[in-house]
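# A look at the structure
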Amino acid sequence: MTNNKEIVKGEEVTLEIKPGMNILEVNKQLAQKNKELLQEHNVKAIDIMGSIGAGKTSLIEQLVQALKQKYRIAVFKGDLTTTIDAERIGRHGVKVVTINTGLECHLDANVVARAVERISLQDIDLLIIENVGNLICPAEFPLGTEKRVVVVSVTEGPYMVLKHPFTFMTADVMVVNKKDLAEIMKIDTSQLAKQAKDIKPDMKVAITNALTGEGIEDLINALEL
Amino acid sequence: MHELAMATQLVENVLEEAKKYDAKKVAEVHLTIGKLTFLGVEQMRFSYDILTKDTIMKDSKLIITEKDGVIECQSCGYKGKVPIEDDPAYHVPVPTLRCPKCREAAKIVEGKECTIMSIRILKQQECKDDCKRCRC
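Procedures and definitions
- Residues numbered from 1 in each chain as written.
- Chains lettered and ligands numbered in written order.
- Predicted model: local features only at pLDDT ≥ 70, side-chain atom pairs only at ≥ 80, totals over all residues.
- Helix = DSSP H or I, 4+ residues; strand = E, 2+ residues; numbered from the N terminus.
- Buried ≥ 20, exposed ≤ 12 C-beta atoms within 10 Å, placed from the backbone.
- Contact = placed C-beta atoms within 7 Å.
- Nonpolar A, V, L, I, M, F, W, Y, C, P; charged D, E, K, R; others polar.
- Pairing = 2+ DSSP bridges.
- Axes fitted to C-alpha atoms, helices over the stretch in contact; angles between N-to-C directions.
- Expected span 1.5 Å × (residues − 1).
- Arc of directions from axis to C-beta.
- Parallel < 35°, antiparallel > 145°, perpendicular 65-115°, else oblique.
- Left-handed = near helix turned anticlockwise from the far one by under 90°.
- pLDDT = per-residue confidence, 0-100.
- Core = buried A, V, L, I, M, F, W, Y, C linked by C-beta atoms within 7 Å.
- Right-handed = clockwise from strand over helix to strand, strands pointing away.

Regarding its fold elements, chain A presents nine helices and 10 strands. Along the three orthogonal principal directions, the C-alpha set of chain A runs to about 75 × 45 × 30 Å. By the burial criterion, 49% of the 225 residues in chain A qualify as buried.

Turning our eyes to something else, we now look at the interface of chain B and chain A. Facing the 39 residues of chain B at the interface are 31 residues of chain A. For the side of chain B that touches chain A, the secondary structure elements donating two or more residues are α1 (3–20), β6 (94–95) and β8 (114–124) of chain B. When residues of the side of chain B that touches chain A are assigned to their parent elements, the largest contribution, 11 residues, is made by β8(B). Here the side of chain B that touches chain A is composed, by residue class, of 21 nonpolar, nine polar and nine charged. By the bridge criterion, two bridges tie strand β3 (residues 21–22) of chain A to β8(B) in an arrangement that is antiparallel. Looking at β8(B), one finds that M21(A) is bridged to I116(B).

Further remarks concern the sheet that holds strand β8 (residues 147–153) of chain A. Strands belonging to one sheet form pairs held by backbone hydrogen bonds; the direction of such a pair is parallel or antiparallel. All names here are of chain A. As summarised here, the arrangement of the seven strands in space is β6-β5-β7-β4-β8-β9-β10, forming an open sheet in which the pairing is parallel. Both edges of this open sheet fall to β6 (95–100) and β10 (204–207), since each of them pairs with a single strand only. Each neighbouring strand pair of the sheet contributes to a mean axis angle of 20°, computed without reference to strand direction. As defined by bridge partners, strand β5 (residues 73–79) adjoins β6 across six bridges and the pair is classed as parallel. The partner of D79 across the bridge, within β6, is N100. Those strands touched by helix α2 (residues 56–67) are β4 (44–50), β5, β7 (126–130), β8 and β9 (173–177), and its axis lies near 170° from that of β7.

The subject of this paragraph is α2(A). Taking 1.5 Å per residue, 12 residues should reach 16 Å; α2(A) reaches 16 Å between its end C-alpha atoms and fits that length. With nine of 12 residues buried, α2(A) is to be regarded as a mostly interior element.

Looking now at the sheet that holds strand β3 (residues 70–73) of chain B. Residues and elements named next belong to chain B. As summarised here, the arrangement of the three strands in space is β4-β3-β7, forming an open sheet in which the pairing is antiparallel. Two strands lie at the open edges of the sheet, namely β4 (79–81) and β7 (106–110), each paired on one side alone. Across the sheet, the mean angle separating the axes of adjacent strands is 35° when strand polarity is ignored. Across four bridges, β3 lies against β7 in antiparallel orientation. Of the residues in β7, the one forming a bridge with I71 is I108.

A few words now on α1(B). End to end, α1(B) covers 26 Å across 18 residues, agreeing with the expected 26 Å (1.5 Å per residue, within 8%). Among all positions in α1(B), only E3(B), M6(B), A7(B), L10(B), V11(B), V14(B) and A18(B) are buried. For α1(B), the buried positions fall inside an angular range of 135° around the axis, keeping them on one side. When the buried face of α1(B) is taken as reference, the exposed residues oriented beyond 90 degrees from it are E16(B), K19(B) and K20(B). Tucked inside the fold, the buried residues of α1(B) contact α1 (23–40) of chain A together with β1 (25–34), α2 (41–52) and β8 of chain B.

This part takes up the packing of α1(B) against α2(B). Residues and elements named next belong to chain B. At a minimum axis distance of 9 Å, the contact between α1 and α2 shows a crossing angle of 50°. Between α1 and α2, the interaxial angle falls into the category oblique. The chirality of how α1 crosses α2 is right-handed. Seen from α1, the contacting residues are E3, L4, A7, T8 and V11; seen from α2, they are Q43, M44, S47, Y48, L51 and T52. When its residues are assigned to classes, the contact of α1 with α2 shows six nonpolar, four polar and one charged.

Below, the discussion takes up the confidence of the model for chain B. Keep in mind that low pLDDT regions are not for reading the predicted coordinates in detail. The predicted model of chain B averages 90 in pLDDT, with 90% of residues at 70 or higher. Scored as a whole, the predicted complex attains pTM 0.87, and scored at its interfaces, ipTM 0.80.

Across residues other than glycine, the phi torsion is negative in most instances, and most of the peptide bonds are trans. With phi around 55°, N42(A) is a residue other than glycine that occupies positive phi space. For N42(A), a count of 10 C-beta atoms within 10 Å puts it in the exposed group. Although it is not a glycine, D22(B) sits at a positive phi angle of roughly 55°. Along the chain, D22(B) turns up in the loop between α1 and β1. Owing to 12 C-beta atoms within 10 Å, D22(B) belongs among the exposed residues under this scheme.

This part takes up the nonpolar core. Grouped together as the largest cluster of nonpolar side chains are 96 residues, with contacts concentrated most on V75(A), L127(A), I128(A), I129(A) and M174(A). Not counting chain neighbours up to four residues away, the residues in contact with M174(A) comprise V150(A), V152(A), F168(A), A196(A), M203(A) and V205(A).

Turning next to the pairing of β1(B). All names here are of chain B. Taken together, the eight bridges between β1 and β8 define a ladder with antiparallel strand orientation. What sits directly across from I33, in β8, is C114. The sheet contact formed by β1 and strand β2 (residues 61–67) spans seven bridges and is parallel. From the neighbouring strand, L31 faces β2, where its bridge partner is I64. Between the parallel elements β1 and β2, the chain passes through α2 in a crossover that is right-handed.

Pasting the structure below:
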């Protein structure tokens, strides 16, 4: 407040206020709180981002199936309005909380904090969060997870990585899904992996077919689970 | 894509600040947007105009300064602009977190902000006891 400059002109006063307020910082701070809360309860958390139809839900079904003996799992499912995916995941016998964002194009740390209130952290060891199907906006909003996964599928074309470098910069693991269609789509999955590593040198990559479960072991290793 | 949500927060925050100082009008808002955010300047302006229409921020100027991204390397200590990978096979220059000095993975330290730097408000001059001009 001491920085404020006041200019008096007649009866009117012009005042320059310098709040220096970072609007995006609000989410970051909430994310940090989520992170601390999850760590206190020894819960590992993963945020899964990717376009609509990339195969996020199928991958989660595979992950849940492969890991549910080892971990007590809960899944948060971000979706605009429906519960279709939540029901799919729920069939595997894990706790699912749907986060309907209405019109919002991403999850943020605040809605995740609200969802955390609906589960008992003492009863889980692994929290998987499926973000809203969108490759852009979710990248702006860290949720407080330990790791972030970005899923692309070969049917999205050869330029998914190059077109969204800033999204890939925010991820720790990339999944290239639908590997069975790579040849038909004339996509070289190793090229997508190389591009991701060119953008983010410490990126781990798993090439998968989420329908059959192929490559899920690689993803589990990449996630250090 | 989420500029409307961000602009809503911006307008709410500015109005709150302005209220603290009994502003009768907001004249200018200076905003810095990092180039590593996913916020488009044009979309921000568009949302801003719509959101401020019925407030004391109506017709105020939104002045946006874009800020370059800066990375820092944990291995060798390099700190500087986000390097551009110019692999001819990619056809487009691609920004990278690879440290230009030691090729290790660097971290983003600047360029992810959306900060309200300053706000210029107009307010009525405070009443002095014997000013005789005001009607209070």
